Amino acid sequence: MASVGRAGMASKSKVLAGPTAAQGEAEPIFAAAGEPAEVVLAGLGSSARGLSASVVKDLQLSFGLNVVRSHRASGLRVLVRQFASPFLILLAATAGVSLSLGDFSNSVVIGVILLVSVGLGFANEYRAEKASQALHDRVRHNAVVLRDGVPTEVDVTQLVPGDVVQLSVGAVVAADMRVIEASGLTVDESILTGESVAVPKSVEPVLGQVALGDLSSALLMGTILVSGSATAVVVATGGRAVFGRIALQLGEAQPQTEFQLGLKRFSLLLLWVAVSLTVLILGVNLILQRPLIESIMFSLAIAVGITPQLLPAVVSTSLATGARQLAKRRVLVKSLVSIEDLGNLDVLITDKTGTLTDGRLSFLKAISVSKNHTDASLLTLGLSAIDAPYDQARGSLVGLSQLDAALWGSDMGVEASKDLVGFEQVATLPFDHERRMVSVLAKTSTAALLVSKGSAEDVLAKCVGDTTAAQALLVEQYAKGLRVVAVAVREVHDREIESLQPLKSADEAGLTLVGFLVFSDPVKAAAATSIKALAELGVEVKIATGDNAVVAETVCDALGLTAGTTLTGVEVAAMTDAELGVAAAEARIFARVSPEQKARIVRLLRAAHRTVGFLGDGVNDALALHGADVGISVDTATDVAKDAANVVLLDKDLAVLADGVREGRRIFANTMKYVLMGTSSNFGNMFSAAAASAVLPFLPMLPGQILLNNLLYDTGQLAIPRDRVDPEQLAKPSHWNIAFIRRFMFMFGPVSSLFDFATFALMLFVLGAGEGEFRAGWFVESLATQTLIVFVIRTRRVPFYKSRPSLGMMIAVFGVVLVGAYLPISPLASPLDFAPLPPVFFGALAIMTLLYLVLVEFAKHVFFKREQTRLDHGKPGRLHTTRAAVGRDPIHRRAARFSSSAGGRGSGRSQVGRKRAVGRGSSSLK
């Protein structure tokens, strides 16, 4: 066991397991949970003041970073992933068969195709992973630790055994820790135990042999603080923690997204077509008594030819390009395919604070409503109601809530805090999202007081006496768009003090309202422009907030979000799922909603076939973030919110979301260009080859020529990921629809075959071509038609005239056509078994190609008109598919258990979707 460099550590202590702890050794947290807190601190060489900076440095050298896995890009893992494509597996199998049959030239051509596809896929994905790694390095999970007795915010990777950590609601426990102080503490341990109910924690040691879920004095890595606060000492970090050991042993497997599932279904479709054609062609050639080896190779070439071999490379290039564009806007996408998920959004539910507003709260004033208190004494009472020591709050705002930091950091707050010198904190009941308030039992030189501070409506509900005037004053502040926190007190007799330790929620009763603390959070200047940009993309923005309904409505009015109704948490609770599903579709604002209600709203919108994004940053947003199609959080969010999100914004700005939506839709649009073009032209060409092989006395094209044709064709399509996309293709989301692709393939494939047959007739009956000329002529015509068709397929508009392709695409496509036309007269003609073509052929080719493109343009308009008719009659005619139930990664799946109580039905009924009304109850404290 490695030394930790601290004198005074008892040699017999089992509290600290060193960095080389043997596998199977009892986790150190079990030993620590059974010892008194002071013994654990001593055994770790620490104290209630934490560690010193010099000792921390020594411990970091001994134990390393507090990480289980890093976000390091692994070239080997990326390379292995490239071979997961069924297309590439087919290529590799065909190359192996060719080599075993002695067909060296074909195996070389297939090998080149394989290397190009794998190489491009690897280069793009590895580059994207390196960019993702750089962004991950900029996303921080912080913890408040005591170093030499001073609260300091550090990255959780820097934690070492012996660090004393202060934790509050919403924190994700970053290491295995022993509780040394606790107040109203409950923890969600579902990631380790599977139990969805939060369990209470205390300082008392656990006696005897107990299960992991019964360690009531321990906080385990990966668990979440649901309520209360705690001070705890780190016992084990990284792979020595319970969760760390499990994670290292099991690894992590990312589930497939809808985009990946769509690719998989598309791959299976093409493989089915390829196998069918291969069997058919092989059978025909054997019936015609052609050589077995030649027939097998020709059939395999047809199978390879019908598959878009570079589809994985095109997709990875598109996604990598999108990732780089978003990285420039400081957006971290946890996996490349999440970019495409962003493009699917048609509903965005967002919080208000920091997204639509600046998020920089400023304390404005204290308004006393009590004859016994002045504005100054109200402010002092407001300062006293915090779940941190007063001396700590004076010295540092680290660890305080946003509202408390604004209050203590203001000039008025600094002055008023001097009056707290005579206050003594006896007991604290921390803030949680059920009560929406914090209470402190404080003693002064003259009295003992229970001081409660929190959302105005929740505090008022626990007050006695007439509050009518106070309610009117509250509505007046809300109408100005201001955030309001109420402060109330109850005098406590000396004989009651002992019974109020610890404080319980039942003690928050019989309060007398003292007044209101008023804060401002101005509307963000660019928010209106961002909302307009999202609206133009067909994304409907809805607001879910714990704030008051009137405040939210005032902000929305300032941003031009005037349409829709407002639903409060009380109304949501009273509705059945059916009623809420209808009301949620019409609502624009959800005010004073609980975490479970947010998740329920998300679930019902998804059930109505809406693709929902949720943007949030607090622990109260974690359930909804997990339940949404795309969870979006920010760098300054709570740890649990960042863990539950698919996308993390390093700047909290809706404008970058609009960019993300555009990128996702651009990627899908360009991917579909390749898919539609490749499947239709490849199917047509291979169908032509199959038909020709049945009637010609020779093979219409040799296997190597088919593969070379495909290689040149696919190379020309590598410019597609950077092609321009028409505005209407970005206006709304599109999804995989295999039936649509199949209909497209079976309509445009025969059109391609029609011109192939015309070429056959030209070569045989007009030019009297031999085998070499015939194959060269069809090679050039096939390459020209299936490559140039991209200009028609890439847009629903008139090509070139109303939709211009990118310069890179034009160079790539025309370059490939010229290379194909040159090959029959090049020095490579003989090795490729080509014969030179007469000049008249190229004149005829130009005419046929032009006619082909005109016919495809006409067919395109007929096809999409028919698809629109199908859509109008309620049939799935667009690129759409039923949403697949796609899970999250292992960290997210723990939230699934945590959210098992979400979506419950409230009792009673209420008016559905009321229009906005002034003065509805809501919370000001998030």
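Residues numbered from 1 in each chain as written. Predicted model: local features only at pLDDT ≥ 70, side-chain atom pairs only at ≥ 80, totals over all residues. Heavy atoms only, no water.

Asker: Sorry, what's going on with the sheet that holds strand β19 (residues 612-615) here?
Answerer: Adjacent strands of a sheet pair through backbone hydrogen bonds, lying either parallel or antiparallel. The sheet built from eight strands is open, its strands ordered β8-β21-β20-β19-β9-β16-β18-β17 with mixed pairing. Pairing within the sheet leaves two strands with one partner each, and these edge strands are β8 (331-333) and β17 (565-568). Between one strand and the next, the sheet's axes are offset by a mean angle of 20°, whatever the strand orientation. Across four bridges, the pairing between strand β9 (residues 347-350) and strand β16 (residues 540-545) is parallel. Residue pairing in the sheet places V347 in a bridge with E540 of β16. Docked against the sheet, helix α23 (residues 577-586) engages β16, β17 and β18 (587-591), running at close to 110° with respect to β18. (Pairing = 2+ DSSP bridges. Helix = DSSP H or I, 4+ residues; strand = E, 2+ residues; numbered from the N terminus. Axes fitted to C-alpha atoms, helices over the stretch in contact; angles between N-to-C directions. Contact = heavy atoms within 4.5 Å.)

Asker: Would you explain the pattern of salt bridges in this entry?
Answerer: Close approach of charged atoms allows side chains with opposite charge to pair. Under the defined criterion, the tally for this structure stands at 27 salt bridges. A salt bridge links R603 to D577, with the nearest nitrogen and oxygen atoms 3.4 Å apart. Placement of R603 in helix α24 (residues 595-607) and of D577 in helix α23 is noted, with a sequence separation of 26 residues between them. The class for R603 is partly exposed, based on a relative accessible area of 35%. Bridged by salt links that share partners, the residues D346, E540, K542, R588 and R610 form one connected network. (Salt bridge = Lys/Arg side-chain N within 4 Å of Asp/Glu carboxyl O. Buried < 20%, exposed > 50% of the residue type's maximum accessible area, 1.4 Å probe, protein only.)

Asker: Please explain empty space enclosed by the protein as it appears in this structure.
Answerer: Think of a ball as big as a water molecule: rolled over the atoms, this probe shows where empty space is left. All told, the structure shown has three cavities of 30 Å³ or more when counted by the stated rule. In this structure, the largest cavity occupies an estimated 70 Å³ of space. When contributions to the lining of the largest cavity are tallied by element, the ones reaching two or more residues are α27 (654-695), α28 (703-716) and α31 (771-788). Partitioning the lining of the largest cavity into residue classes produces five nonpolar, seven polar and no charged. (1 Å grid on protein atoms, 1.4 Å probe; cavity = no way out; pocket = protein on both sides within 12 Å on 5 of 7 lines; lining within 4 Å. Points joined across faces, edges and corners; volume = space filled by probe spheres on them. Nonpolar A, V, L, I, M, F, W, Y, C, P; charged D, E, K, R; others polar.)

Asker: Is there a simple way to think about the confidence of the model for the protein in this case?
Answerer: Interpreting fine coordinate detail is not advised for predicted regions of low pLDDT. Overall, the predicted model of the protein reaches an average pLDDT of 80, with 85% of residues at or above 70. In this model residues 1-26 is a low-confidence stretch, pLDDT under 50, and it forms 47 contacts with partners more than four residues away in sequence or in other chains. Here residues 250-255 is a poorly scored stretch, pLDDT under 50, and it has eleven contacts once near neighbours within four places are set aside; other chains count. (pLDDT = per-residue confidence, 0-100.)

Asker: How do you make sense of the packing of aromatic side chains when you look at a structure like this?
Answerer: Aromatic ring pairs are described here by two measures, namely the spacing of the ring centres and the angle between the planes. Following the criterion strictly, the structure yields 18 aromatic pairs and no others. Between F683 and F687, the aromatic rings sit 6.3 Å apart at their centres with planes inclined by 25°, giving stacked as the arrangement. Here the residue F683 and the residue F687 both occupy positions in helix α27, the gap between them amounting to four residues, near one helical turn. By relative accessible area, F683 is classed as buried at 11%. Here F687 falls in the partly exposed class, since its relative accessible area comes to 40%. The rings of F698, F757, F760, F774 and W778 are connected pair by pair, giving a single aromatic cluster. (Phe/Tyr/Trp six-rings, centres within 6.5 Å; stacked < 30°, edge-to-face > 60°.)

Asker: How should I be thinking about α24 in this particular structure?
Answerer: Because an α-helix packs 3.6 residues into every turn, residues spaced three or four apart end up facing the same way. Relative to the 18 Å expected for 13 residues at 1.5 Å per residue, α24 spans 19 Å between its end C-alpha atoms, a close match to the ideal helical length. Within α24 the residues assigned to the buried category are P595, Q597, K598, A599, R600, I601, V602, L604 and L605. (Expected span 1.5 Å × (residues − 1).)

Asker: Looking at this structure, how should I read the environment of T94?
Answerer: Take T94: it is sitting in helix α5 (residues 86-100). A relative accessible area of 2% places T94 in the buried class. Beyond its immediate sequence surroundings of up to four residues, T94 is in contact with I110, L300 and V304.

Asker: Looking at this structure, I do not really get the nonpolar core. What am I missing?
Answerer: Nonpolar side chains in soluble globular proteins tend to be buried together. Counting residues in hydrophobic clusters, the biggest one holds 147 residues, and the most contacted among them are I349, I632, L649 and F779. It is α27 that contributes the most residues to this core, 18 residues altogether. Once you skip the residues sitting within four places of it in the chain, F779 turns out to touch M701, Q705, L708, N709, L712, G820, L823 and F834. Judged by nonpolar contacts, the second largest core, of 30 residues, contains L378, L400, A416 and L449. (Core = buried A, V, L, I, M, F, W, Y, C linked by side-chain atoms within 4.5 Å.)

Asker: Sorry if this is basic, but what is going on with the environment of V464 here?
Answerer: Looking at the element boundaries, V464 is found in the loop between α17 (456-460) and α18 (468-479). As for V464 and A509, which are separated by 45 residues in sequence, their C-alpha atoms are 8.4 Å apart.

Asker: Please explain the sheet that holds strand β14 (residues 483-492) as it appears in this structure.
Answerer: Reading across from one edge, β10-β15-β14-β13-β12-β11 is the order of the six strands in this open sheet, with antiparallel pairing throughout. Each edge of the sheet is formed by a strand with only one pairing partner; in this case those strands are β10 (362-368) and β11 (424-429). Taking each pair of neighbouring strands and ignoring which way they run, the sheet shows an average axis angle of 25°. Relative to strand β15 (residues 512-520), β10 runs antiparallel, the two being bridged by six bridges. Residue pairing for β15: F363 is matched across the bridge by F519. Its contacts with the sheet place α18 against β10, β14 and β15, and it is angled at close to 5° to β15.

Asker: Sorry, what's going on with the pairing of strand β13 (residues 448-455) here?
Answerer: With eight of its eight residues buried, β13 lies for the most part within the structure. When strand β12 (residues 437-443) meets β13, the two strands line up antiparallel, connected through seven bridges. Bridge pairing links K443 to A448 in β13. Hairpin connection from β12 to β13: four residues lie between these consecutive antiparallel strands. The sheet contact formed by β13 and β14 spans eight bridges and is antiparallel.

Asker: Just checking my understanding: could you explain the packing of helix α30 (residues 738-766) against helix α34 (residues 839-872) for this structure?
Answerer: In a pair of packed helices, the angle between the axes and the distance between the axes together describe the arrangement. Two elements in contact, α30 and α34, have axes separated by 10 Å at closest approach and are oriented at 160°. For the element pair α30 / α34, the angle class is roughly antiparallel. The way α30 lies across α34 gives a crossing that is right-handed. Looking at the contact of α30 with α34, its residues break down into 21 nonpolar, two polar and five charged. (Parallel < 35°, antiparallel > 145°, perpendicular 65-115°, else oblique. Left-handed = near helix turned anticlockwise from the far one by under 90°.)

Asker: Teacher, can you tell me more about unusual backbone geometry here?
Answerer: Put simply, Q501 and P502 share a cis peptide bond, and its omega is 0°. Within the fold, P502 resides in the loop between α19 (494-497) and β15. Even without being a glycine, H609 presents a positive backbone phi close to 65°. Looking at the secondary structure, you find H609 in the loop between α24 and β19. Judged by its relative accessible area of 58%, H609 falls in the exposed class. Within the chain, F800 stands out as a residue other than glycine whose phi angle is a positive 70°. Mapped onto the elements of the fold, F800 is located in the loop between α32 (790-793) and α33 (807-822). What makes F800 partly exposed here is its relative accessible area of 39%.

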